[in-house]
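Descriptive analysis of the structure
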Amino acid sequence: MTSRFGTRESPAAGAGTWHPAVDLPNWLNPCGRPVYAMVPGEVTLSSALFLSIKTPEGFTVSYLHMYKSDRIVDVGDQIAASQQIGAMGNVAPSSGCHLDIRVNVAGNTNPEVAKLRVYDAAGGGCVNPIEVFPLFGIEICPADNCSHV
Ligand SMILES: [Zn+2]
């Protein structure tokens, strides 16, 4: 993990010092490692920077920095958990190929997710992804092969 949820030194011009996400690097560069959906849902946004998937429980998981040309899903597509959605990229603001994962809880109906602390960030309320994914049996940065920052 190269950038955690919360305050940080800004690593790239245009990137904020309050980081509503976790960053996982493409190990090693160059770009191109596959990116898989953490949880199922429908693609609701595919902008220059964001690919967002709204889960059936209402919260939205966004995957940032993938080049549009590397995305293999688009708005309206139904996505299964662990389905490949694209590949790691370096769309700005970014200081190296990585995946930024963030969770927005607007519209959430999952009672366990609703218990998590909500932070205000650009685009609305977000929660720490490190706290979300264990609720779905996923460890985002396992100690045996991933270093926390
Ligand atoms: Zn990030």
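Our subject is the structure that appears above.
What you see is a predicted model, and the numbers here were worked out from it, not measured in a lab. (Residues numbered from 1 in each chain as written. Predicted model: local features only at pLDDT ≥ 70, side-chain atom pairs only at ≥ 80, totals over all residues. Heavy atoms only, no water.)

When helices and strands are tallied, the protein chain shows two helices and 12 strands. Starting at the N terminus and ending at the C terminus, the protein chain contains elements arranged as β-β-β-β-β-β-β-β-β-β-α-β-β-α. The C-alpha radius of gyration of the protein chain comes to 14 Å, within 12% of the 15 Å expected for a compact globule of 149 residues. Its C-alpha atoms give the protein chain principal-axis dimensions of roughly 40 × 30 × 30 Å. In the protein chain, the proportion of contacts linking residues at least 24 apart, taken out of those at least 6 apart, comes to 56%. For the protein chain, the exposed area adds up to about 7,500 Å²; of that, 54% sits on carbon and sulfur atoms. Across the protein chain, the 9 positively charged side chains and the 13 negatively charged ones have centroids separated by 4 Å. (Helix = DSSP H or I, 4+ residues; strand = E, 2+ residues; numbered from the N terminus. Rg over C-alpha atoms; globule rule 2.2 N^0.38 Å. Contact = heavy atoms within 4.5 Å. Areas by Shrake-Rupley, 256 points an atom, 1.4 Å probe, with all protein chains shown as cover. Lys, Arg positive; Asp, Glu negative; His and termini not counted. Charge placed at Lys NZ, Arg CZ, Asp CG, Glu CD.)

Turning next to the pattern of salt bridges. For side chains bearing opposite charge, pairing can occur when the charged atoms are close. This structure, assessed with the given rule, holds two salt bridges. Across the pair R102 and D100 runs a salt bridge whose closest N-O atoms are separated by 2.9 Å. We note a salt bridge from E112 to K115, for which the minimum N-O separation is 3.1 Å. Residue classification places E112 among the partly exposed positions, given a relative accessible area of 38%. (Salt bridge = Lys/Arg side-chain N within 4 Å of Asp/Glu carboxyl O. Buried < 20%, exposed > 50% of the residue type's maximum accessible area, 1.4 Å probe, protein only.)

With that out of the way, let us pick up the state of the cysteines. Counted under the stated rule, the structure contains two disulfides. Two residues share a disulfide in this structure: C31 and C97, whose sulfurs sit 1.8 Å from each other. Handedness of the C31-C97 disulfide follows from its S-S torsion of about -60°: it is left-handed. Of this pair, C31 sits in the loop between β3 (22-25) and β4 (34-36) while C97 is found in the loop between β9 (84-87) and β10 (98-104), placing the two residues 66 residues apart along the sequence. By relative accessible area, which is 29% here, C31 ends up partly exposed. Linked covalently through their sulfurs, C141 and C146 form a disulfide whose S-S length is 1.8 Å. Measuring handedness by torsion sign, the sulfur bridge of C141 and C146 sits at about -90° and is left-handed. (Disulfide = S-S within 2.5 Å.)

Attention shifts here to the side chain of D100. Counting through the fold element by element, D100 comes out in strand β10. Within the local environment of D100, its side chain forms a polar contact with the side chain of R102, the two groups lying 2.9 Å apart. Contacts of D100, omitting those with residues within four sequence positions, involve H19, A21, V22, D23, S62, Y63, L64 and H65. (Polar contact = N/O pair within 3.5 Å; in protein donor to acceptor, adjacent residues only side chain to side chain.)

Our next topic: the coordination of the zinc ion. For the zinc ion, the protein coordination sphere consists of H19 (NE2), D23 (OD), D23 (OD) and D100 (OD), at 2.0 to 2.7 Å. Around the zinc ion, the four donor atoms are arranged such that angles at the metal cover 52 to 155°; this shape is classified as irregular. Mapped onto the polypeptide sequence, the residues donating to the zinc ion form the spacing pattern H-x3-D-x76-D. Residue D23 is found in strand β3, and its partner D100 is found in strand β10; the two are separated by 77 residues along the sequence. What makes D100 buried here is its relative accessible area of 2%. (Donors = N, O, S within 2.8 Å, 3.2 Å for Na, K, Ca; no water. Tetrahedral: all angles 85-135°; square planar, octahedral: opposite > 155°, others 65-115°.)

Next up on the list: unusual backbone geometry. In this model, A92 is joined to P93 through a cis peptide bond whose omega is -5°. Topologically, P93 is positioned in the loop between β9 and β10.

Note that every value here comes from positions in space, so none of it alone points to a role or purpose.
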